[in-house]
There are 2 protein chains.
Amino acid sequence: MLKFSKKADYALMALQHIAAVQVGDGAPGRVVNTKEIAEEYNIPLELLAKVLQTLAKNALIESHNGPKGGYVLARRARQITIAQILESIEGPLGITDCSHEKDGEFCMQREHCNIRTPLLKVQDSVYQLLNNMTLQDMMGGTPLIMIQSSTAQGVER
Amino acid sequence: MLKFSKKADYALMALQHIAAVQVGDGAPGRVVNTKEIAEEYNIPLELLAKVLQTLAKNALIESHNGPKGGYVLARRARQITIAQILESIEGPLGITDCSHEKDGEFCMQREHCNIRTPLLKVQDSVYQLLNNMTLQDMMGGTPLIMIQSSTAQGVER
DNA sequence: TGATCTCCGATCAATAAGGTCGGACTAAGA
DNA sequence: TCTTAGTCCGACCTTATTGATCGGAGATCA
């Protein structure tokens, strides 16, 4: 439940790897190819390729073709958020089906729906969480985020 | 992406409805049956039944059999958290596959995994969010939760 | 210019979710 | 007490999404 897809996991790993290589070398031009990442993390090569293609299409990384080709981060690591990565791979993220209703389509329960409003609030919170964390933050391993609730503290499981 | 399943949505609607009926009447003994909920929210009857069965098995609601039977909340609305509801329906919730590793099984990438630690932090935050919000909170429609981040404020999309 | 290495789009299989059906039980009413 | 109607309960099937794969097009370096 609420699990990321494999593709999303792979995307995060790959981006973290690319970012680490660039930062480590201090050379933004160093490209890293699909095979290198796939072998490092035991990811199916062709699937990872597809993931990277998608990321490139969404302008999170740049693709360099031909021999010695590969991928490079399109922006600085601190300018890429987790939310952006996930949205690139899986489309707009929303907890509920009715989050991104276009006119005409709406859920059968919309009229008497009693959970729409509170769920949208939860969704906003999750989105803030993911959009406030960047690729840069994932590198260091430092504590990042705190949550405060105005009600219902200390509910035992 | 990150979407709740239909079953989870139905569970939340049903529980909210049951809670509302009880609170509204002030009578904790008032039972509400599957059919009533299904018709109110246009939910497939048999599927909703299955959801309610699961909730009953997990002791979130009590089932009363026979004519005039139905379901009643097993506890007060403020003692039931969103996290508990979701876990009842979908099993333990975790963002990553490696969240609940039992000994022996582990993901192929575990050894060189570079995103495990930060993702577990995100997961904890989401869990806190869901576990700090109760069924009671969903009734009022009042603002509930705030998030603060220590880094990376104001990242534009 | 040739060959090799890369990215790219379309296609197929596996898993999980969504939905459905019939049976067993309980309790109220005659 | 017996009947009967209404309820919960468990197993089954269908559909949609995800995971994984294959062959082709483009570009670069020798």
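For every chain, the first residue of the written sequence is number 1, and numbering continues from 1 onward in sequence order. Chains carry letters and ligands carry numbers; both start at the beginning, A for chains and 1 for ligands, and go up in the order they are written. Local features are withheld for residues below a pLDDT of 70 in this predicted model, meaning they are given only at 70 or higher, and side-chain atom pairs are given and counted only at 80 or more; totals for whole chains, interfaces and linings count all residues. Note that the side-chain values use all heavy atoms of the structure and ignore hydrogens as well as water.

Draft legend 1. Looking closely at helix α3 (residues 45-57) of chain A. Residue and element names in this part refer to chain A. Runs of E in the DSSP output that reach at least two residues are strands. Runs of H or I that reach at least four are helices, and both are numbered from the N terminus. By this rule, a helix spans an expected 1.5 Å times one less than how many residues it contains. Taking 1.5 Å per residue, 13 residues should reach 18 Å; α3 reaches 18 Å between its end C-alpha atoms and fits that length. Buried within α3 we find L48, A49, V51, L52 and L55. With its buried residues spanning 165° around the axis, α3 presents them on a single face. Opposite the packed face of α3, turned more than 90 degrees from it, sit the exposed residues E46 and K57. A59 sits one or two positions beyond α3 and adopts a positive phi of about 65°. Burial here depends on accessible area, computed with a 1.4 Å probe over protein chains only, as a share of the maximum for the residue type. Under 20% is buried, over 50% is exposed, and the range in between is partly exposed. The reported arc concerns the directions from the helix axis to the C-beta atoms and nothing else.

Draft legend 2. How the structure looks around the protein's contact with DNA strand C. Residue proximity to a molecule or strand is established when one non-hydrogen atom of the residue lies within 4 Å of it. The environment of DNA strand C is made up of 21 residues, and the closest members are N33(A), T34(A), Q53(A), Y71(A) and K6(B). The contact atoms of DNA strand C, taken as those within 4 Å of the protein, divide so that sugar and phosphate hold 63%. Whenever two N or O atoms come within 3.5 Å, that pair is a polar contact, provided that in protein one can donate a hydrogen and the other can accept it, and provided that, for residues adjacent in sequence, both atoms are side-chain atoms. Between N33(A) and DNA strand C, the recorded distance is 3.0 Å, taken from a side-chain N or O atom to a phosphate oxygen. At 3.2 Å from a base oxygen of DNA strand C is found a side-chain nitrogen or oxygen belonging to K50(B). Those elements that provide at least two residues to the surface near DNA strand C are α3 and β2 (70-73) of chain A together with α1 (6-25) and α3 (45-57) of chain B. Classification used: nonpolar for Ala, Val, Leu, Ile, Met, Phe, Trp, Tyr, Cys and Pro, charged for Asp, Glu, Lys and Arg, polar for all others including Gly. Of the residues that constitute the surface near DNA strand C, the class distribution is 6 nonpolar, 10 polar and 5 charged.

Draft legend 3. How the structure looks around the pairing of strand β1 (residues 61-64) of chain B. Residues and elements named next belong to chain B. Where β1 and strand β2 (residues 70-73) come together, 4 bridges link them in antiparallel fashion. Its bridge partner being in β2, I61 is matched across the sheet by L73. A pair of strands is labelled paired if DSSP reports no fewer than 2 bridges between them. From the end of β1 to the start of β2, which pair antiparallel, there are 5 residues, and G66 there has a positive phi angle of about 85°.

Draft legend 4. Here's a closer look at the protein's contact with DNA strand D. Inspection of the region around DNA strand D gives 22 residues, with K6(A), L47(A), N33(B), T34(B) and Q53(B) positioned closest. Each atom of DNA strand D within 4 Å of the protein was classed as base or backbone; sugar and phosphate made up 58%. Interatomic distance of 3.0 Å between a side-chain N/O atom of T34(B) and a phosphate oxygen of DNA strand D. Listing elements by their share of the surface near DNA strand D, those giving two or more residues are α1 (6-25) and α3 of chain A together with α3 and β2 of chain B. Counting residues per element, the surface near DNA strand D draws most heavily on α3(B), at 4 residues. The residue inventory of the surface near DNA strand D, partitioned by class, reads 5 nonpolar, 10 polar and 7 charged.

Draft legend 5. Summary view of the packing of helix α4 (residues 82-90) of chain A against helix α5 (residues 116-131) of chain A. Residue and element names in this part refer to chain A. Where helices are involved, their axes are fitted lines through C-alpha atoms of the stretch in contact, as for all axes, and angles between N-to-C directions lie from 0 to 180°. Two numbers describe how α4 lies on α5: the axes approach to 6 Å, and their chain directions differ by 105°. Viewed along their axes, α4 and α5 adopt a mutual orientation that is roughly perpendicular. Of the residues in α5, those touching α4 at I82, A83, L86 and E87 are Y127, L130 and N131. The class makeup of the residues in the contact of α4 with α5 is 5 nonpolar, 1 polar and 1 charged. Here the word oblique covers every angle except those under 35 degrees (roughly parallel), over 145 (roughly antiparallel) and from 65 to 115 (roughly perpendicular). Contact between two residues is taken to exist if any of their heavy atoms lie within 4.5 Å; hydrogens are not considered.

Draft legend 6. Representation of the nonpolar core within the structure. Grouped together as the largest cluster of nonpolar side chains are 87 residues, with contacts concentrated most on L55(A), L73(A), I85(A), L130(A), L55(B), L73(B) and L130(B). Every residue in contact with L73(B), bar those within four places of it in the chain, is listed here: L15(B), I18(B), A19(B), Q22(B), L60(B), I61(B), I80(B) and L135(B). Here the nonpolar core consists of buried residues drawn from Ala, Val, Leu, Ile, Met, Phe, Trp, Tyr and Cys, with membership extended through side-chain atoms lying within 4.5 Å.

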